[in-house]
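For reference, the chains in residue letters:
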Amino acid sequence: MKASPLLRAWMARLGALGVRLLARHRWLGFSPDGAARFATPDGEQQIKKSATILALGGASWPRLGSDGTWPALLPGIATRPFSPSNMGFAIPWSDHLRTRFAGTPLKRIALSFGGIMQRGEAVITEAGIEGGAVYALSAAIRDALEHQSNVTLHLDLRPDLSLADLTARLAGRRGSLSLTNHLRRNAGLAPIGISLVQEALKAGAEQGDLAGLIKALPLRVTGCFPIARAISSAGGLAWTELDENLMLSRLPGVFACGEMLDWEAPTGGYLLQACFSTGRAAGLAAARHAAKA
(Lines give C-alpha, C1' and ligand atoms only; values in the text may rest on other atoms or scores of the structure.)
Protein backbone atom coordinates (compact mmCIF):
# COMPACT_ATOMS: atom_id res chain seq x y z
CA MET A 1 0.00 0.00 0.00
CA LYS A 2 2.71 2.47 -1.01
CA ALA A 3 2.32 5.45 -3.31
CA SER A 4 5.08 4.60 -5.79
CA PRO A 5 3.38 1.55 -7.44
CA LEU A 6 0.17 3.57 -7.81
CA LEU A 7 2.12 6.45 -9.35
CA ARG A 8 3.89 4.15 -11.83
CA ALA A 9 0.59 2.58 -12.87
CA TRP A 10 -0.98 6.01 -13.23
CA MET A 11 1.92 7.28 -15.37
CA ALA A 12 1.72 4.20 -17.58
CA ARG A 13 -2.00 4.72 -18.08
CA LEU A 14 -1.50 8.36 -19.01
CA GLY A 15 1.23 7.40 -21.48
CA ALA A 16 -1.04 4.82 -23.11
CA LEU A 17 -3.67 7.54 -23.53
CA GLY A 18 -1.21 9.72 -25.45
CA VAL A 19 -0.40 12.16 -22.66
CA ARG A 20 3.00 13.83 -23.13
CA LEU A 21 4.77 14.59 -19.87
CA LEU A 22 7.43 17.30 -19.87
CA ALA A 23 9.70 16.88 -16.86
CA ARG A 24 11.94 19.64 -15.46
CA HIS A 25 9.68 22.35 -16.85
CA ARG A 26 8.71 25.18 -14.50
CA TRP A 27 5.80 27.38 -15.45
CA LEU A 28 6.69 31.08 -15.63
CA GLY A 29 3.25 32.51 -16.46
CA PHE A 30 1.70 33.58 -19.73
CA SER A 31 3.18 35.67 -22.52
CA PRO A 32 1.24 38.69 -23.89
CA ASP A 33 -0.24 36.50 -26.65
CA GLY A 34 -1.44 33.91 -24.11
CA ALA A 35 1.25 31.26 -24.64
CA ALA A 36 2.42 29.35 -21.57
CA ARG A 37 6.02 30.17 -20.67
CA PHE A 38 8.29 27.51 -19.19
CA ALA A 39 11.83 27.44 -17.85
CA THR A 40 13.43 24.23 -19.19
CA PRO A 41 16.93 22.70 -19.24
CA ASP A 42 17.23 24.13 -22.77
CA GLY A 43 16.15 27.64 -21.82
CA GLU A 44 12.76 29.32 -21.88
CA GLN A 45 10.12 27.77 -24.12
CA GLN A 46 6.60 28.88 -24.97
CA ILE A 47 3.70 26.56 -25.69
CA LYS A 48 0.53 27.75 -27.37
CA LYS A 49 -2.65 25.92 -26.48
CA SER A 50 -6.39 26.00 -26.94
CA ALA A 51 -7.03 25.28 -23.25
CA THR A 52 -4.95 25.24 -20.07
CA ILE A 53 -5.66 23.53 -16.74
CA LEU A 54 -3.75 24.88 -13.75
CA ALA A 55 -3.27 22.35 -10.93
CA LEU A 56 -0.60 24.19 -8.96
CA GLY A 57 -1.42 23.01 -5.45
CA GLY A 58 -1.42 24.77 -2.12
CA ALA A 59 1.53 25.69 0.06
CA SER A 60 2.04 22.79 2.49
CA TRP A 61 5.15 20.58 2.29
CA PRO A 62 6.91 22.93 -0.19
CA ARG A 63 9.92 20.62 -0.44
CA LEU A 64 7.69 18.27 -2.45
CA GLY A 65 7.22 20.94 -5.11
CA SER A 66 4.06 22.82 -4.22
CA ASP A 67 5.56 26.00 -2.82
CA GLY A 68 2.55 28.33 -3.09
CA THR A 69 4.40 30.98 -5.14
CA TRP A 70 2.13 30.76 -8.18
CA PRO A 71 -0.18 33.74 -7.28
CA ALA A 72 2.62 36.05 -8.46
CA LEU A 73 2.28 34.50 -11.94
CA LEU A 74 -1.41 35.50 -12.15
CA PRO A 75 -1.30 39.31 -11.73
CA GLY A 76 -4.70 40.88 -11.17
CA ILE A 77 -6.29 37.56 -10.14
CA ALA A 78 -7.70 37.61 -6.58
CA THR A 79 -6.29 35.08 -4.13
CA ARG A 80 -6.52 34.58 -0.38
CA PRO A 81 -3.21 34.15 1.46
CA PHE A 82 -2.32 30.57 2.26
CA SER A 83 -2.51 29.35 5.84
CA PRO A 84 -1.93 25.91 7.39
CA SER A 85 -4.77 23.42 7.61
CA ASN A 86 -5.01 19.98 9.23
CA MET A 87 -1.96 20.73 11.35
CA GLY A 88 -0.75 20.50 14.91
CA PHE A 89 -0.48 23.24 17.51
CA ALA A 90 2.17 24.54 19.88
CA ILE A 91 1.68 23.93 23.60
CA PRO A 92 4.32 24.98 26.17
CA TRP A 93 4.84 21.64 27.90
CA SER A 94 7.03 21.39 30.97
CA ASP A 95 10.54 20.01 30.46
CA HIS A 96 9.50 16.84 32.32
CA LEU A 97 6.51 16.12 30.10
CA ARG A 98 8.35 17.03 26.90
CA THR A 99 11.35 14.87 27.73
CA ARG A 100 9.42 11.85 28.93
CA PHE A 101 6.34 11.80 26.71
CA ALA A 102 7.22 13.36 23.32
CA GLY A 103 5.96 10.88 20.74
CA THR A 104 3.42 9.30 23.10
CA PRO A 105 -0.08 8.75 21.68
CA LEU A 106 -3.26 9.82 23.41
CA LYS A 107 -5.75 7.07 22.59
CA ARG A 108 -9.54 7.10 22.93
CA ILE A 109 -9.71 10.75 23.92
CA ALA A 110 -11.92 13.68 22.94
CA LEU A 111 -10.96 17.27 22.28
CA SER A 112 -13.29 20.25 22.54
CA PHE A 113 -13.01 23.77 21.24
CA GLY A 114 -15.55 26.46 20.38
CA GLY A 115 -18.49 24.22 21.20
CA ILE A 116 -17.23 21.40 18.94
CA MET A 117 -16.22 18.03 20.39
CA GLN A 118 -14.11 15.56 18.43
CA ARG A 119 -13.32 12.03 19.51
CA GLY A 120 -10.25 10.25 18.22
CA GLU A 121 -6.54 10.11 18.89
CA ALA A 122 -3.65 12.55 19.13
CA VAL A 123 0.05 12.48 19.87
CA ILE A 124 2.20 14.56 22.18
CA THR A 125 5.18 16.15 20.42
CA GLU A 126 8.10 18.15 21.76
CA ALA A 127 6.45 21.33 20.52
CA GLY A 128 2.79 20.56 21.20
CA ILE A 129 0.08 18.22 19.94
CA GLU A 130 -1.13 16.83 16.64
CA GLY A 131 -3.18 13.94 15.27
CA GLY A 132 -6.60 13.16 13.84
CA ALA A 133 -8.69 14.66 16.63
CA VAL A 134 -6.58 17.83 16.50
CA TYR A 135 -6.82 18.17 12.72
CA ALA A 136 -10.60 18.06 12.85
CA LEU A 137 -10.59 21.20 15.03
CA SER A 138 -7.65 22.89 13.34
CA ALA A 139 -9.58 25.46 11.29
CA ALA A 140 -11.49 26.78 14.29
CA ILE A 141 -8.38 26.91 16.48
CA ARG A 142 -6.31 28.59 13.76
CA ASP A 143 -8.95 31.24 13.14
CA ALA A 144 -9.20 31.98 16.87
CA LEU A 145 -5.43 32.38 17.13
CA GLU A 146 -5.56 35.10 14.50
CA HIS A 147 -7.27 37.33 17.08
CA GLN A 148 -5.57 36.31 20.34
CA SER A 149 -2.17 35.14 21.45
CA ASN A 150 -3.40 31.87 22.96
CA VAL A 151 -6.56 29.80 23.26
CA THR A 152 -7.64 26.93 25.48
CA LEU A 153 -8.37 23.48 24.12
CA HIS A 154 -10.07 21.01 26.47
CA LEU A 155 -9.03 17.38 26.61
CA ASP A 156 -11.34 14.61 27.83
CA LEU A 157 -9.13 11.71 28.90
CA ARG A 158 -12.08 9.38 29.52
CA PRO A 159 -14.84 10.22 27.02
CA ASP A 160 -16.31 6.75 27.45
CA LEU A 161 -17.26 7.59 31.07
CA SER A 162 -19.79 10.21 32.11
CA LEU A 163 -18.75 12.84 34.64
CA ALA A 164 -21.09 11.26 37.19
CA ASP A 165 -19.62 7.78 36.72
CA LEU A 166 -16.05 9.06 36.92
CA THR A 167 -16.87 11.09 40.03
CA ALA A 168 -18.29 7.96 41.67
CA ARG A 169 -15.16 5.96 40.80
CA LEU A 170 -12.89 8.54 42.38
CA ALA A 171 -14.97 9.46 45.42
CA GLY A 172 -13.62 8.18 48.72
CA ARG A 173 -11.44 5.48 47.19
CA ARG A 174 -7.95 6.95 47.42
CA GLY A 175 -7.04 5.93 50.96
CA SER A 176 -3.27 5.65 51.24
CA LEU A 177 -2.76 5.55 47.48
CA SER A 178 -0.52 8.14 45.90
CA LEU A 179 -2.20 10.43 43.40
CA THR A 180 -0.49 8.54 40.58
CA ASN A 181 -1.84 5.17 41.71
CA HIS A 182 -5.24 6.66 42.48
CA LEU A 183 -5.56 7.99 38.93
CA ARG A 184 -4.24 4.78 37.46
CA ARG A 185 -6.43 2.36 39.43
CA ASN A 186 -9.65 4.29 39.86
CA ALA A 187 -9.72 6.54 36.80
CA GLY A 188 -7.98 4.12 34.44
CA LEU A 189 -5.50 6.70 33.20
CA ALA A 190 -2.32 5.85 31.31
CA PRO A 191 0.99 7.43 32.41
CA ILE A 192 0.64 10.29 29.91
CA GLY A 193 -2.86 11.07 31.20
CA ILE A 194 -1.65 11.04 34.79
CA SER A 195 1.21 13.39 33.93
CA LEU A 196 -1.16 15.79 32.17
CA VAL A 197 -3.44 15.86 35.21
CA GLN A 198 -0.51 16.47 37.53
CA GLU A 199 0.74 19.33 35.35
CA ALA A 200 -2.70 20.93 35.39
CA LEU A 201 -2.82 20.66 39.18
CA LYS A 202 0.61 22.28 39.49
CA ALA A 203 -0.64 25.09 37.24
CA GLY A 204 -3.50 25.80 39.66
CA ALA A 205 -6.35 23.49 38.64
CA GLU A 206 -8.87 22.63 41.38
CA GLN A 207 -7.60 19.49 43.15
CA GLY A 208 -11.00 18.80 44.71
CA ASP A 209 -12.55 18.07 41.31
CA LEU A 210 -10.33 15.43 39.74
CA ALA A 211 -13.20 14.01 37.72
CA GLY A 212 -14.01 17.40 36.23
CA LEU A 213 -10.35 17.95 35.40
CA ILE A 214 -10.03 14.56 33.70
CA LYS A 215 -13.16 15.28 31.64
CA ALA A 216 -12.08 18.80 30.63
CA LEU A 217 -8.35 19.21 31.07
CA PRO A 218 -7.26 22.63 29.73
CA LEU A 219 -4.45 22.80 27.18
CA ARG A 220 -3.05 26.25 26.43
CA VAL A 221 -2.43 26.53 22.69
CA THR A 222 -0.03 29.31 21.70
CA GLY A 223 0.29 28.89 17.95
CA CYS A 224 -0.05 26.77 14.83
CA PHE A 225 2.61 24.43 13.53
CA PRO A 226 4.13 25.95 10.36
CA ILE A 227 2.49 25.52 6.96
CA ALA A 228 5.58 23.70 5.69
CA ARG A 229 4.58 20.64 7.76
CA ALA A 230 0.79 20.98 7.58
CA ILE A 231 -1.16 18.22 5.84
CA SER A 232 -2.89 20.79 3.64
CA SER A 233 -3.45 24.52 3.30
CA ALA A 234 -6.37 26.92 3.25
CA GLY A 235 -6.51 29.91 0.94
CA GLY A 236 -5.72 30.16 -2.76
CA LEU A 237 -7.59 31.20 -5.88
CA ALA A 238 -10.78 33.12 -5.02
CA TRP A 239 -14.02 31.55 -6.22
CA THR A 240 -15.15 34.94 -7.52
CA GLU A 241 -12.50 34.59 -10.24
CA LEU A 242 -14.07 31.37 -11.59
CA ASP A 243 -17.18 30.67 -13.61
CA GLU A 244 -19.37 27.59 -13.20
CA ASN A 245 -16.92 25.55 -15.32
CA LEU A 246 -13.89 26.43 -13.14
CA MET A 247 -12.58 28.74 -15.88
CA LEU A 248 -10.91 32.01 -14.89
CA SER A 249 -13.24 34.74 -16.07
CA ARG A 250 -10.34 37.08 -16.82
CA LEU A 251 -8.36 34.40 -18.69
CA PRO A 252 -10.67 32.58 -21.14
CA GLY A 253 -9.49 29.05 -21.79
CA VAL A 254 -7.61 28.80 -18.48
CA PHE A 255 -9.12 26.45 -15.90
CA ALA A 256 -8.09 25.71 -12.32
CA CYS A 257 -8.57 22.77 -9.95
CA GLY A 258 -7.32 21.08 -6.83
CA GLU A 259 -5.83 22.61 -3.72
CA MET A 260 -4.94 25.87 -5.45
CA LEU A 261 -8.63 26.77 -5.12
CA ASP A 262 -9.74 28.50 -1.92
CA TRP A 263 -11.35 25.62 -0.07
CA GLU A 264 -10.60 23.59 3.03
CA ALA A 265 -11.53 20.04 3.94
CA PRO A 266 -10.73 17.61 6.75
CA THR A 267 -8.06 14.99 6.18
CA GLY A 268 -9.02 11.37 5.69
CA GLY A 269 -9.75 11.18 1.96
CA TYR A 270 -11.80 14.35 1.65
CA LEU A 271 -8.79 16.34 0.40
CA LEU A 272 -8.03 13.82 -2.34
CA GLN A 273 -11.68 13.51 -3.31
CA ALA A 274 -12.06 17.27 -3.74
CA CYS A 275 -8.87 17.44 -5.84
CA PHE A 276 -10.02 14.57 -8.04
CA SER A 277 -13.53 15.96 -8.40
CA THR A 278 -12.49 19.51 -9.32
CA GLY A 279 -9.81 18.06 -11.61
CA ARG A 280 -12.37 15.99 -13.49
CA ALA A 281 -14.77 18.93 -13.75
CA ALA A 282 -12.02 21.25 -15.02
CA GLY A 283 -10.77 18.60 -17.46
CA LEU A 284 -14.17 18.02 -19.02
CA ALA A 285 -14.79 21.77 -19.28
CA ALA A 286 -11.36 22.32 -20.87
CA ALA A 287 -12.05 19.56 -23.39
CA ARG A 288 -15.34 21.20 -24.36
CA HIS A 289 -13.62 24.56 -24.69
CA ALA A 290 -10.81 23.11 -26.83
CA ALA A 291 -13.32 21.40 -29.12
CA LYS A 292 -14.91 24.78 -29.86
CA ALA A 293 -11.60 26.55 -30.47
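Residues numbered from 1 in each chain as written. Predicted model: local features only at pLDDT ≥ 70, side-chain atom pairs only at ≥ 80, totals over all residues. Heavy atoms only, no water.

1. So, the packing of aromatic side chains
Then, number 1: Under the counting rule described, the total for this entry stands at 3 aromatic pairs.
Then, number 2: Each ring, one from Trp-10 and one from Phe-276, has its centre 6.1 Å from the other, and the planes form 70°; the classification is edge-to-face. Of the two residues, Trp-10 sits in helix 1 (residues 3-16) while Phe-276 sits in helix 9 (residues 270-292), which places them 266 residues apart along the sequence.
Then, number 3: Classification of Trp-10 as partly exposed rests on a relative accessible area of 42%.
Then, number 4: You can call Phe-276 partly exposed: its relative accessible area is 46%. (Phe/Tyr/Trp six-rings, centres within 6.5 Å; stacked < 30°, edge-to-face > 60°. Helix = DSSP H or I, 4+ residues; strand = E, 2+ residues; numbered from the N terminus. Buried < 20%, exposed > 50% of the residue type's maximum accessible area, 1.4 Å probe, protein only.)

2. Quick look at the pairing of strand 13 (residues 232-237)
Then, number 1: Judged by how many residues are buried, strand 13 sits mostly within the fold: 6 of 6 residues are covered.
Then, number 2: Sheet topology note: the strand 5 (residues 79-85)/strand 13 ladder contains 5 bridges and is antiparallel. Opposite Thr-79, over in strand 13, you have Leu-237 as the bridge partner. (Pairing = 2+ DSSP bridges.)

3. Digging into the pairing of strand 8 (residues 116-124)
Remark: a regular strand shows side chains that alternate across the two faces of the sheet.
Then, number 1: Sheet analysis places strand 7 (residues 105-113) next to strand 8, joined by 7 bridges and oriented antiparallel. When the sheet's bridge partners are listed, Ser-112 is paired in strand 8 with Met-117.
Then, number 2: Counting the residues that bridge the hairpin from strand 7 to strand 8 gives 2 residues, and of these Gly-114 lies at a positive phi of roughly 60°.
Then, number 3: Summarising the sheet, strand 8 and strand 9 (residues 128-130) pair through 2 bridges and their orientation is antiparallel. Pairing of Ile-124 across the sheet is with Ile-129, part of strand 9.
Then, number 4: Counting the residues between successive antiparallel strands, the hairpin from strand 8 to strand 9 contains 3 residues.

4. Things to note about the environment of Met-247
Then, number 1: By the element assignment, Met-247 lies in the loop between strand 13 and strand 14 (254-256).
Then, number 2: By relative accessible area, which is 16% here, Met-247 ends up buried.
Then, number 3: For Met-247 and Ala-205, which are 42 residues apart along the polypeptide, the C-alpha to C-alpha distance reads 55 Å.
Then, number 4: Apart from the residues lying within four places of it in its own chain, the contact partners of Met-247 are Glu-241, Leu-242, Pro-252, Gly-253, Val-254, Phe-255 and His-289. (Contact = heavy atoms within 4.5 Å.)

5. Thoughts on the layout of surface pockets
Then, number 1: Roughly 350 Å³ of internal volume is contained in the second largest pocket.
Then, number 2: Lining the second largest pocket are 15 residues, and of these Glu-199, Ala-200, Ala-203, Pro-218 and Arg-220 sit closest to its centre.
Then, number 3: Among the elements of the structure, helix 7 (191-202) and strand 11 (217-221) are those that each provide at least two residues to the lining of the second largest pocket.
Then, number 4: By residue number, the principal contributor to the lining of the second largest pocket is strand 11, which donates 4 residues.
Then, number 5: Split into classes, the residues belonging to the lining of the second largest pocket amount to 11 nonpolar, 2 polar and 2 charged. (1 Å grid on protein atoms, 1.4 Å probe; cavity = no way out; pocket = protein on both sides within 12 Å on 5 of 7 lines; lining within 4 Å. Points joined across faces, edges and corners; volume = space filled by probe spheres on them. Nonpolar A, V, L, I, M, F, W, Y, C, P; charged D, E, K, R; others polar.)

6. Details of the nonpolar core
Then, number 1: Ranked by size, the top nonpolar core spans 44 residues in total, and within it Leu-157 and Val-197 carry the most contacts.
Then, number 2: Here Val-197 is in contact with Leu-157, Leu-183, Leu-189, Leu-210, Leu-213, Ile-214 and Leu-217, once residues within four sequence places are set aside. (Core = buried A, V, L, I, M, F, W, Y, C linked by side-chain atoms within 4.5 Å.)

7. Regarding helix 7
Along an α-helix, residues three or four positions apart point the same way, because every turn accommodates 3.6 residues.
Then, number 1: With 12 residues, helix 7 should cover 16 Å at 1.5 Å per step; its first-to-last C-alpha distance of 16 Å lies within 8% of that length.
Then, number 2: Taken together, the buried positions of helix 7 are occupied by Ile-192, Gly-193, Ile-194, Ser-195, Leu-196, Val-197, Ala-200 and Leu-201.
Then, number 3: Positive phi appears at Gly-204, one or two residues downstream of helix 7, with a value of about 115°. (Expected span 1.5 Å × (residues − 1).)

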